[in-house]
Amino acid sequence: MERSQAARKRGAVATTFVALQRGVNVGAAKRLAMAALQAAFEEAGGGEVETLLQSGNVVFDAPADAGEAIAATARASLARDLDIDAPIVLRDGESWLRL
């Protein structure tokens with residue numbers, strides 16, 4: 001079942017977002033465990049959070065108007081807790097598929 005279908009089945013109206021955490025896990029600098037990245041997005045309010053390998057890329061579900069706030073909260077959490085402050089490029093799933 002696709003992510004959006006799963007959200008509809010649960011009765012939620014959700015948008016799938018793609019968040020690209022830039023500049024992490026490149027060489028020895030800014031090493032970030034994907035479990036920590038996933039936890040930051042979950043704690044910020046993201047649903048169905050998944051990471052991809054060691055890329056710093058995250059896919060999550062949220063109400064359409066909450067994606068930016070969730071990404072900003074996750075970034076602030078990572079900066080505060082792990083001293084990793086890296087820009088996040090955020091796209092909704094439909095925009096991502098058009099790229």
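Residues numbered from 1 in each chain as written. Predicted model: local features only at pLDDT ≥ 70, side-chain atom pairs only at ≥ 80, totals over all residues. Heavy atoms only, no water.

A.B. asks: Can you walk me through the nonpolar core in this structure?
C.D. replies: Note that soluble globular proteins tend to have their nonpolar side chains buried in a common cluster. Counting 22 residues, the largest nonpolar core has Ala19, Leu32, Leu37, Phe41, Val58, Phe60 and Ile70 as its most contacted members. Elements with a contribution of two residues or more to this core: strand S1 (15–21), helix H2 (34–43), strand S3 (57–62), helix H3 (67–82) and strand S4 (88–92). (Core = buried A, V, L, I, M, F, W, Y, C linked by side-chain atoms within 4.5 Å. Buried < 20%, exposed > 50% of the residue type's maximum accessible area, 1.4 Å probe, protein only. Helix = DSSP H or I, 4+ residues; strand = E, 2+ residues; numbered from the N terminus.)

A.B. asks: What's the story with the packing of aromatic side chains in this structure? I'm lost.
C.D. replies: Given two aromatic rings, their pairing is described by the distance between the two centres and the angle made by the two planes. Applying the stated criterion across every chain yields a total of two aromatic pairs. Here Phe17 and Phe60 contribute two aromatic rings whose centre-to-centre distance is 5.4 Å and whose plane-to-plane angle is 20°, an arrangement assigned as stacked. Within this pair, whereas Phe17 is found in strand S1, its partner Phe60 is found in strand S3, the two being separated by 43 residues in sequence. Across the pair, exposure class does not vary: Phe17 and Phe60 are buried alike. With a centroid separation of 5.2 Å and 45° between ring planes, the pair formed by Phe41 and Phe60 is classed as tilted. Note that Phe41 is positioned in helix H2 and Phe60 in strand S3, a separation of 19 residues in sequence. (Phe/Tyr/Trp six-rings, centres within 6.5 Å; stacked < 30°, edge-to-face > 60°.)

A.B. asks: In this structure, what is going on with the sheet that holds strand S2 (residues 47–52)? I would like to understand it.
C.D. replies: Think of a sheet as strands paired side by side through backbone hydrogen bonds, with each pair either parallel or antiparallel. Taken in spatial order, the four strands make up an open sheet running S2-S3-S1-S4, and their pairing is antiparallel. Where the open sheet ends on each side, the last strands, each with one partner, are S2 and S4. Ignoring which end each strand starts from, the neighbouring axes of this sheet average 20° apart. Here S2 pairs with S3 via four bridges, running antiparallel. Bridging from a neighbouring strand, Glu50 pairs with Val59 of S3. Packed on one face of the sheet, H3 meets S1, S3 and S4 and runs near 155° to S4. (Pairing = 2+ DSSP bridges. Axes fitted to C-alpha atoms, helices over the stretch in contact; angles between N-to-C directions. Contact = heavy atoms within 4.5 Å.)

A.B. asks: Help me understand the pattern of salt bridges in this model?
C.D. replies: Two side chains of opposite charge can pair, provided their charged atoms sit close to one another. Summed over the entire model, instances satisfying the criterion amount to two salt bridges. Across the salt bridge formed by Asp85 and Arg75, the nearest N and O atoms sit 2.6 Å from each other. Note that Asp85 is positioned in the loop between H3 and S4 and Arg75 in helix H3, a separation of ten residues in sequence. Put simply, Arg80 and Asp81 hold a salt bridge, and the shortest N to O gap is 2.9 Å. (Salt bridge = Lys/Arg side-chain N within 4 Å of Asp/Glu carboxyl O.)

A.B. asks: Would you mind showing me how to read H3 here?
C.D. replies: Owing to its 3.6 residues per turn, the α-helix aligns residues three or four sequence positions apart on the same side. For H3, which comprises 16 residues, the first-to-last C-alpha distance of 22 Å matches the rise-based estimate of 22 Å (1.5 Å per residue) to within 8%. Among the residues of H3, Gly67, Ile70, Ala71, Ala74, Ser77 and Leu78 are the ones counted as buried. Within H3, the buried residues cover an arc of 125° as seen down the axis, which keeps them to one side. What points out from H3, more than 90 degrees from its buried face, is the exposed set Glu68 and Arg80. Residues of H3 that are buried in the fold lie against S1, H2, S3 and S4. Just downstream of H3, Asp83 is the residue with a positive phi angle, here 55°. (Expected span 1.5 Å × (residues − 1). Arc of directions from axis to C-beta.)

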